[in-house]
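Okay, here's what each chain looks like letter by letter:
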Amino acid sequence: MEANNRNIKNEIQEKLQDEVLRGALSRFAEAYPISRAKAYENVADIEALREQVRQMKMSAVADIENLADKFEAEAAKRGAKVFRAKDGNALKEYLINLCKEKNVKRIVKSKSMASEEIHLNHDLETAGLHVKETDLGEWIISLAGHKPSHMVMPAIHLNREQVAGYFSKELKQEIPTDIPFMVQAARQALRGEFLEADMGISGANFGIAENGAIGLVTNEGNARLVTTLPRVHVVIIGYEKLIPTIKDAAPILRTLPRNATGQLMTSYMTMTSGVTPVMVKQDGKWVEQDKELHIILFDNGRLQAAHDDKFKEIYQCVRCASCLNVCPVYTIVGGHVYGHIYAGGIGAILTAFLNSMGDFEKINELCIGCRKCVEICPGKIDIPHLIEELRAKAVKEHGLPFGVKAVVENVLSNRKVFHTLLRLAAIGQKPFQSGRVIRHLPLFLAGMAKDRSLPAVADVPFRDRVSKVTRKINQPVKKIAFFSGCNIDFIFPETGESVYKVLQDLNMEVVFPEEQSCCGKPVLGMGDRETAKRIAKKNIEAFEATGADAILSACPTCAETWHQTYIELFEDEPAWKARAEKIGHKVCEFTSFVAKEYQKAGRLVKTAGNVKVTYHDSCHMKRGLGIYTEPRQLLEAANGYELVEMKDCDKCCGMAGAFGVKYTELSMPILKQKITNIKASAAEIVAVACPACMMQIQGGLDKQLPNVKIKHVAEILAENIKE
């Protein structure tokens, strides 16, 4: 386990001050989506290809034991010796003993994250062996004494000046910052290592059960030298890399380079199967003999994951690291803050299984649940969902921290207490309030409002306004129960009023169950499912009593929680699960519901306008509910507005619930990118359909772009309704 005295906040601050790192990651984040899209241009159906990867990997993990047996038998049939290492210690012991037995003194390595995972080089060197990394990125970080900061590009955090410095020190000559020169210098320095090595250690991108072969996908050619020149070749391969047949390598080879580096294919694709002849110098003469091939099938927590109904999903990873390339947090701070070897959301999950839950708990909050990774992953892994599962597991094992537990159990789960405190906050905030926002906070809280104004709690919550905005509808076409969620109820009650106006204009009766409370998402985000269940039950009871035709929410996070999470919560309570499913089918997100009604009424017609409005896609709305055309259709049909798109309209705004407050230092750079894109769109209005995004972007606009205003789509629609 890594040291548990890590100060993650300090580590983040250090990376935020690293201009080289920030510049490199920023440039890569800009270039990557373009390169990836171009690489996929000749793939007719990307989703079908991703599904092919997913199905193949799911099939493999379901039969992992048989697959491993077959792989071992086929590899042995071709002369390889297979050793199954249950953990890092077993692997190191086998390898060091093998080195002694075969009189190995010098080792060259090609890229192997599994060996990084257990800090193998350190142990080999401690045993007196000369070990040299030959992948350029790995060689650079070995010279720097760093860990990899990316699974595919381990030295992405360094610039050419820094690399030239490390080369100069290692090669004892002044190395200029010319990249081709540096590459050539590395080749010359490493060539002798290949020729003198007794053993080559490689990883593997996949292992094929039907013929015992391993596949290597590389760009530098070093892996071919590592696997062919030394007299002993050792492959370290995790169980998750096993696939049934050679045909199953095809979808990996089609997705891995495209997703990893935006390449149609890599420079080298190597298959190794069985032993081959090798030239060895004996008594001053070159003689031919069979190379020794050892394959270490590495467990270290992988089989535990394979046998878990939920976490076996991580076997769908092909280690392309595309999830890092689009992660809003990783692209700001890089990989080292994740602590162990694997970075980003998938890194957090792998750390839990391959290192320890304690290390996972240190970094789990760095996943903001935006789901960009889910959208791009070749294996379609739902990384944020698995992280929520691990959070729940952690809470189940040792509970929430004392202070958090007190708030969750005594405030968030008790509607009356929670709402009373919000009403008191509306009074207590007065000295700092300026209109609808708080622009300044005193003392140690000042940083929270430095580049972003904070939302003020409304003087009168929506629940106290309901009677004033409710109209008597004669012969209503539908009865709608409105679930406001905390943000509309206490922060943006005007949005709730607009929702009522739009629905009543559609001749619908709208009711507001007073017993409704928070949807429970903040509690679920912390991993406390038992408290979330109590909250869910109260909400379900409150809305069942309405007898409404539909339950409508103008918050996509709430809508998704009702739709999906409530059902998952009650997996072990069949009666409540049935009730959650029945009522969940009635839940609708506001814009998708209204767009359908407007379409039926012939009101979804494009109009012209002079006020430019741009739309920000909420993560939960687009990637959770799959809703992104409907709000645009409504805006295009709104009189007086012209819809213009902003760059990265579906990139997270940086709020992500408690993350936006707890990790202000990370939330602000993400928000700044959003404000920059809004400014470039020349829009006068930013439209949103998520009150949480509204809080964040409103705060950023107030401090950084005050001439641009933000409105919920419901407010824009309500403006167009004549009284």
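Residues numbered from 1 in each chain as written. Predicted model: local features only at pLDDT ≥ 70, side-chain atom pairs only at ≥ 80, totals over all residues. Heavy atoms only, no water.

- By the naming in an unreviewed UniProt entry, the protein goes by Lactate utilization protein B and is assigned to Sporomusa sphaeroides DSM 2875.

Some words on the overall build of the protein
Okay, so step 1: Scanning the protein for helices and strands turns up 35 helices and 23 strands.
Okay, so step 2: Taken over C-alpha atoms, the radius of gyration comes to 29 Å for the protein, in line with the 27 Å a tight globule of 723 residues would show.
Okay, so step 3: Each principal axis of the C-alpha atoms in the protein carries an extent, and together these give about 100 × 55 × 50 Å.
Okay, so step 4: Within the protein, buried positions represent 57% of all 723 residues.
Okay, so step 5: Here the contacts in the protein between residues at least 6 apart in sequence split such that 78% fall between residues at least 24 apart.
Okay, so step 6: Roughly 30400 Å² of accessible area belongs to the protein as shown, and the carbon and sulfur atoms make up 52% of that amount.
Okay, so step 7: Of the charged side chains in the protein, 95 are positive and 89 negative; the average position of the first set lies 2 Å away from that of the second. (Helix = DSSP H or I, 4+ residues; strand = E, 2+ residues; numbered from the N terminus. Rg over C-alpha atoms; globule rule 2.2 N^0.38 Å. Buried < 20%, exposed > 50% of the residue type's maximum accessible area, 1.4 Å probe, protein only. Contact = heavy atoms within 4.5 Å. Areas by Shrake-Rupley, 256 points an atom, 1.4 Å probe, with all protein chains shown as cover. Lys, Arg positive; Asp, Glu negative; His and termini not counted. Charge placed at Lys NZ, Arg CZ, Asp CG, Glu CD.)

Some remarks on the side chain of Thr664
Okay, so step 1: For Thr664, the location among the structural elements is in helix H33 (residues 664-681).
Okay, so step 2: Thr664 gets classed as buried once you look at its relative accessible area, which sits at 11%.

Here's the deal with the pairing of strand S18 (residues 550-553)
Remark: a regular strand shows side chains that alternate across the two faces of the sheet.
Okay, so step 1: Burial along S18 is two-sided: the face carrying Ala550 and Leu552 and the face carrying Ile551 and Ser553 are both buried.
Okay, so step 2: Judged from the four bridges that link them, strand S16 (residues 478-483) and S18 form a sheet pairing that is parallel. The residue bridging Phe483 from the neighbouring strand is Ser553, located in S18.
Okay, so step 3: Here three bridges tie S18 to strand S19 (residues 587-589), and the two strands are oriented parallel to one another. The residue of S19 that forms the bridge with Leu552 is Cys588. (Pairing = 2+ DSSP bridges.)

Describing the pairing of strand S11 (residues 285-290)
Okay, so step 1: Taken across its six residues, S11 has zero buried, putting it largely on the surface.
Okay, so step 2: In this antiparallel pair of consecutive strands, strand S10 (residues 277-282) and S11, the connection spans two residues, and Asp283 shows a positive phi of 55°.

Topic: the state of the cysteines
Okay, so step 1: Under the defined criterion, the tally for this structure stands at zero disulfides.
Okay, so step 2: With no disulfide of its own, Cys518 lies 3.9 Å from the sulfur of Cys486, the closest cysteine sulfur.
Okay, so step 3: Here Cys693 stays free of any disulfide, with the sulfur of Cys690 as its closest cysteine sulfur at 3.7 Å. (Disulfide = S-S within 2.5 Å.)

Quick notes on the pattern of salt bridges
Okay, so step 1: For the structure on display, the rule yields 51 salt bridges.
Okay, so step 2: A salt bridge links Lys92 to Asp123; the nearest nitrogen and oxygen atoms lie 3.1 Å apart. Pair noted here: Lys92 is in helix H5 (residues 88-101) and Asp123 is in helix H7 (residues 120-126), with a separation of 31 residues, a long-range link.
Okay, so step 3: Taking relative accessible area as the criterion, Lys92 reaches 13% and is therefore assigned buried.
Okay, so step 4: For Lys711, the salt bridge goes to Glu719, with nearest N and O atoms at 2.5 Å.
Okay, so step 5: Exposure remark for Glu719: the relative accessible area of 42% places this residue in the partly exposed category.
Okay, so step 6: Connected via shared salt-bridge partners are Lys372, Glu375, Lys622, Arg623 and Asp650. (Salt bridge = Lys/Arg side-chain N within 4 Å of Asp/Glu carboxyl O.)

Details of the packing of helix H26 (residues 529-544) against helix H28 (residues 574-584)
How two helices pack is summed up by the angle between their axes together with the distance between the axes.
Okay, so step 1: Between H26 and H28, the least distance of the axes is 11 Å, while the angle of their chain directions is 55°. Between H26 and H28, the crossing angle belongs to the class labelled oblique. Crossing of H26 against H28: the hand is left-handed. Judged by residue contacts, Lys537, Ile540, Glu541, Phe543 and Glu544 of H26 engage Trp576, Arg579, Ala580 and Ile583 from H28. (Axes fitted to C-alpha atoms, helices over the stretch in contact; angles between N-to-C directions. Parallel < 35°, antiparallel > 145°, perpendicular 65-115°, else oblique. Left-handed = near helix turned anticlockwise from the far one by under 90°.)

Notes on unusual backbone geometry
Note on backbone geometry: most residues besides glycine have negative phi, and most peptide bonds are trans.
Okay, so step 1: One non-glycine residue, His119, lies in the positive phi region at around 50°.
Okay, so step 2: Following the sequence through the fold, His119 ends up in the loop between helix H6 (113-117) and H7.
Okay, so step 3: At Ala321, a position not held by glycine, the phi torsion is positive, near 65°.
Okay, so step 4: One can find Ala321 in the loop between helix H13 (302-306) and helix H14 (322-325).

Things to note about the packing of aromatic side chains
Okay, so step 1: Overall, the coordinates contain 14 aromatic pairs when judged by the stated rule.
Okay, so step 2: Ring geometry for Trp562 versus Tyr566: centroids 5.0 Å apart, planes at 50°, classification tilted. You can see Trp562 and its partner Tyr566 sitting in helix H27 (residues 556-569), four residues apart, about one turn around the helix.
Okay, so step 3: In this structure Trp562 comes out as buried when scored by relative accessible area, which is 1%. (Phe/Tyr/Trp six-rings, centres within 6.5 Å; stacked < 30°, edge-to-face > 60°.)

Let's talk about H27
Okay, so step 1: Across its 14 residues, H27 extends 18 Å between first and last C-alpha, which sits within 8% of the 20 Å expected from 1.5 Å per residue.
Okay, so step 2: The principal kink in H27, of about 40°, is found at Trp562.
Okay, so step 3: Burial analysis of H27 places 11 of its 14 residues in the buried class, the great majority of the element.
Okay, so step 4: Residues of H27 that are buried include every one of Pro556, Thr557, Cys558, Ala559, Glu560, Thr561, Trp562, Thr565, Tyr566, Ile567 and Leu569, and no others. (Expected span 1.5 Å × (residues − 1). Bend = angle between axes of the 7 residues up to and from the residue.)

Comments concerning helix H31 (residues 629-636)
Okay, so step 1: Looking only at H31, the buried set comprises Pro631, Arg632, Leu634 and Leu635. Across the axial projection of H31, the buried residues extend over an arc of 160°, all falling on one side.
Okay, so step 2: Check the buried side of H31 and you find it contacts helix H29 (590-600), strand S20 (609-615), helix H30 (619-624), strand S21 (640-643), strand S22 (685-688) and helix H35 (713-719). (Arc of directions from axis to C-beta.)

Structural notes on the packing of helix H20 (residues 402-412) against helix H21 (residues 415-428)
Okay, so step 1: Contact geometry of H20 with H21 gives a least axis separation of 6 Å together with a crossing angle of 100°. It follows that H20 is roughly perpendicular to H21 by the angle criterion. Of H21, the residues touching H20 (which contributes Asn410, Val411 and Leu412) are Val417, Phe418 and Leu421.
Okay, so step 2: Here the contact of H20 with H21 is built from residues that sort into five nonpolar, one polar and no charged. (Nonpolar A, V, L, I, M, F, W, Y, C, P; charged D, E, K, R; others polar.)

Here's the deal with the sheet that holds S22
Okay, so step 1: The strand order across the open sheet built from four strands is S21-S20-S22-S23, with neighbouring strands paired in parallel fashion. Edge positions in the open sheet fall to S21 and strand S23 (709-712), since each of these has one partner strand only. Strand-to-strand twist across the sheet, computed as the mean angle between neighbouring axes with direction ignored, equals 40°.
Okay, so step 2: Judged from the four bridges that link them, S20 and S21 form a sheet pairing that is parallel.

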